[in-house]
Amino acid sequence: MNDIAIHDTDAAHQRLSAGVRELCERFGDEYWRARDRERAYPEEFVRALTEAGYLSVLIPKEYGGLGMGVTEGSIILQEINRSGGHSAACHAQMYTMAPLLRHGSEEQRRRYLPEIATGRLRLQAFSITEPEAGSNTTRIHTMAVRDGEDYVVTGHKNWTSRIAQSDLLMLLARTRPPAEDPVERAEGISLFLVDLRQVREEQPGTLVIEPVRTMFNYATNQVWYKGMRIPADSLIGEEGQGFRYVIDGWNAERILLASEAIGDGYWFLDRAVAYARQRDVFGHPIGADQGVQFPLARAYTQVVAADQMRTRAAALFDSGQHSGAEANTAKFLASEASWQAANVCLDTHGGNGFVDTWDVERKFRETRLYQVAPVNNNLILAFLGQHVLGLPRSY
């Protein structure tokens, strides 16, 4: 019976992979090359994913979603990146689901999840990071002060990606000043689900967005909240518990982003191997040279190992087991593996790798992100050192 169940799951995953690959074939290299060149949001691609239901993968069926797990979300994002696309345009719609699903009220879930599932609403933006706080989220200063039936939000965020393309926004803000006691540093931080449509229509001057041009196409921004009023029922869960709600979703985020890096790793290998087979120099394919072949084989072992770790982390997460160590390890291994594969792919292509029509340089720039975001790899090592190896806290 167990063998049959496993076989059925494998078959379903293969169908899911094939479906995503088929959709991605409609958006080839030139599409992504043009979006990158113009730093334009891939609107047509995101719409196609939404209409196919893939961005509702983590939304329960009772709210109109596919009702699947992080494992299936991982498959979708991996296939997008392996096809040559870039999941950054849409991945937030998966991992921003966690706080709403786990800690939102039933009224909030009923109001928003069916609309998100159909694509009538987009939840693509998460506003957390601040210039002064950086990765130390407990040091944010953006304040949400209760005023009657509203909260009034004032502050400055950076790296708030896709806010211009979103209807809804997850916003992390303080509802009371930081505590003096370091043990209580996470207290007083709250999480809000903001209806941007209402803000744009009724009080546009309270939301200032400044696009930030990055080394690849990421649709990110700095944002200023200038006395922005949001209804009190925008609060997710309990006031002051928002930091814990965000942490709840970190493991899923790490697993999903690891999947993108793994997809990139396979893309680099696919392209490099194909090039090494057909590129003749000195009378033979360069893939016959061990100086080309061995780095490719080494990169392959790293990508496959990361793939296995990601699969394990996703399975643990979906079964409700502790997955922090595995999720962080998967993200670390995947980001390192994709970067190794990127460098090998560039070396294999030689000068052609720097030419935009070969797409290697674009993917090279895109995959470098994963060692820095959604969490720097050094912070992952600090987490593993403290929580897995039992070493003293380093920060």
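Structure's up top.
Residues numbered from 1 in each chain as written. Predicted model: local features only at pLDDT ≥ 70, side-chain atom pairs only at ≥ 80, totals over all residues. Heavy atoms only, no water.

K.L.:
It is not clear to me how the packing of helix α4 (residues 70-82) against helix α9 (residues 242-278) should be interpreted in this structure. Could you clarify?
P.N.:
Between two packed helices, both the angle of their axes relative to each other and the distance between the axes serve to describe the pair. It is at 7 Å that the axes of α4 and α9 come closest, and there the two elements cross at 35 degrees. Considering the relative orientation of α4 and α9, their crossing is right-handed. Residue-level contacts link V70, G73, S74, L77, Q78, N81 and R82 of α4 to A252, I255, L256, S259, E260, I262, G263, D264, Y266, W267 and D270 of α9. Residues that form the contact of α4 with α9 fall into these classes: eight nonpolar, six polar and four charged. (Axes fitted to C-alpha atoms, helices over the stretch in contact; angles between N-to-C directions. Helix = DSSP H or I, 4+ residues; strand = E, 2+ residues; numbered from the N terminus. Left-handed = near helix turned anticlockwise from the far one by under 90°. Contact = heavy atoms within 4.5 Å. Nonpolar A, V, L, I, M, F, W, Y, C, P; charged D, E, K, R; others polar.)

K.L.:
For this particular structure, what's the right way to read the side chain of S190?
P.N.:
If you trace the backbone, S190 turns up in strand β5 (residues 189-195). Here the side chain of S190 touches T175 through a polar contact of 2.7 Å, side chain to side chain. At a separation of 2.7 Å, a polar atom in the side chain of S190 contacts the main-chain amide nitrogen of G240. If we skip the residues at most four places from it in the chain, S190 touches L171, L172, A173, T175, L235, E239, G240 and G242. (Polar contact = N/O pair within 3.5 Å; in protein donor to acceptor, adjacent residues only side chain to side chain.)

K.L.:
What should I look at first to understand the pairing of strand β4 (residues 168-174) in this one?
P.N.:
In summary, the side chains of a regular strand alternate between the two faces of the sheet. Of all seven residues in β4, seven are buried; the element is thus mostly enclosed. Because side chains alternate across β4, one face comprises the buried residues L168, M170, L172 and R174, and the other comprises L169, L171 and A173, equally buried. Two strands pair when backbone bridges link them, and strand β1 (residues 123-127) and β4 are joined in this way by four bridges, in the parallel orientation. Counted as the bridge partner of L123 is L168 from β4. The pairing of β4 with β5 spans seven bridges and is antiparallel. Bridge pairing in β5 links R174 to I189. (Buried < 20%, exposed > 50% of the residue type's maximum accessible area, 1.4 Å probe, protein only. Pairing = 2+ DSSP bridges.)

K.L.:
Just checking my understanding: could you explain the side chain of T138 for this structure?
P.N.:
By the secondary structure assignment, T138 is in the loop between β1 and β2 (143-147). Within the structure, T138 has its side chain in polar contact with the side chain of N136 (distance 2.9 Å).

K.L.:
Would you mind showing me how to read the nonpolar core here?
P.N.:
Soluble globular proteins tend to bury their nonpolar side chains together. Core analysis: the largest hydrophobic core is formed by 62 residues, its most contacted members being F45, L49, I76, I80 and M94. Here the element with the most residues in this core is α9; it accounts for 14 residues. Excluding anything up to four places from it in sequence, L49 contacts L23, Y54, L55, I80 and C90. In this structure, A117, L123, I189 and L193 belong to the second largest nonpolar core, which totals 25 residues. (Core = buried A, V, L, I, M, F, W, Y, C linked by side-chain atoms within 4.5 Å.)

K.L.:
Looking at this model, I keep getting lost on the state of the cysteines. Mind explaining?
P.N.:
Every disulfide links exactly two cysteines, by a covalent bond between their sulfur atoms. In this structure the tally under the stated criterion is zero disulfides. The structure places no disulfide on C24, whose sulfur is separated from the nearest cysteine sulfur, that of C90, by 9.0 Å. (Disulfide = S-S within 2.5 Å.)

K.L.:
Whenever I open this one, unusual backbone geometry confuses me. Can you help?
P.N.:
The peptide bond linking A373 to P374 adopts the cis configuration, its omega dihedral lying at 5 degrees. Here P374 is to be found in the loop between α12 (360-367) and α13 (377-388). Positive phi, close to 55 degrees, is recorded for W159, a residue that is not glycine. Relative to the assigned elements, W159 resides in the loop between β3 (150-157) and β4. Non-glycine residue F282 carries a positive phi angle of around 60 degrees. When you line up the elements, F282 lands in the loop between β8 (280-281) and β9 (284-285).

K.L.:
Would you mind showing me how to read helix α2 (residues 29-38) here?
P.N.:
Three- or four-residue spacings in an α-helix give side chains the same orientation, since the helix completes a turn every 3.6 residues. Y31, W32, R33, A34, R35 and D36 are the residues of α2 that are buried. Where α2 is buried, its residues contact α3 (43-51) and α12. Downstream of α2 by one or two residues, R39 has phi in the positive range, about 50 degrees.

K.L.:
Sorry, what's going on with a nonpolar patch on the surface here?
P.N.:
Residues V388, L389 and L391 make up a contiguous nonpolar surface patch of about 300 Å² in total accessible area. Take L389: it is sitting in the segment after α13. (Patch = residues over 30% accessible without salt bridge, like charges linked within 9 Å, V, L, I, M, F, W, Y side chains within 5 Å. Areas by Shrake-Rupley, 256 points an atom, 1.4 Å probe, with all protein chains shown as cover. Salt bridge = Lys/Arg side-chain N within 4 Å of Asp/Glu carboxyl O.)

K.L.:
Hey, could you run me through the environment of E51 in this one?
P.N.:
Turning to its location among the elements, E51 is positioned in helix α3. For the pair formed by E51 and T118, sequence separation is 67 residues and the distance between their alpha carbons is 7.2 Å.

K.L.:
Please explain the packing of aromatic side chains as it appears in this structure.
P.N.:
Where two aromatic rings form a pair, the distance of their centres and the angle of their planes describe that pair. With the rule as written, the count across this model stands at ten aromatic pairs. Taken together, a centroid distance of 5.0 Å and an interplanar angle of 70 degrees make the contact between F27 and Y31 edge-to-face. When its relative accessible area of 14% is taken as the criterion, Y31 is described as buried. Between the aromatic rings of F243 and W250, the centroid separation amounts to 5.9 Å while the plane-to-plane angle is 90 degrees, which identifies the pairing as edge-to-face. Residue class for W250 comes out partly exposed when judged on its relative accessible area of 27%. Here a set of aromatic residues connected by ring pairs shows up, and it is made of F27, Y31, W32 and F45. Its guanidinium or amino end placed over the ring of Y218, R162 lies 5.8 Å from that ring's centre, counting from NZ or CZ. For R393, the ring lying beneath its charged end belongs to Y395, and the centroid distance is 4.7 Å. (Phe/Tyr/Trp six-rings, centres within 6.5 Å; stacked < 30°, edge-to-face > 60°. Lys NZ or Arg CZ within 6 Å of the ring centre and 35° of its normal.)

Just distances and angles here, no functional claims.
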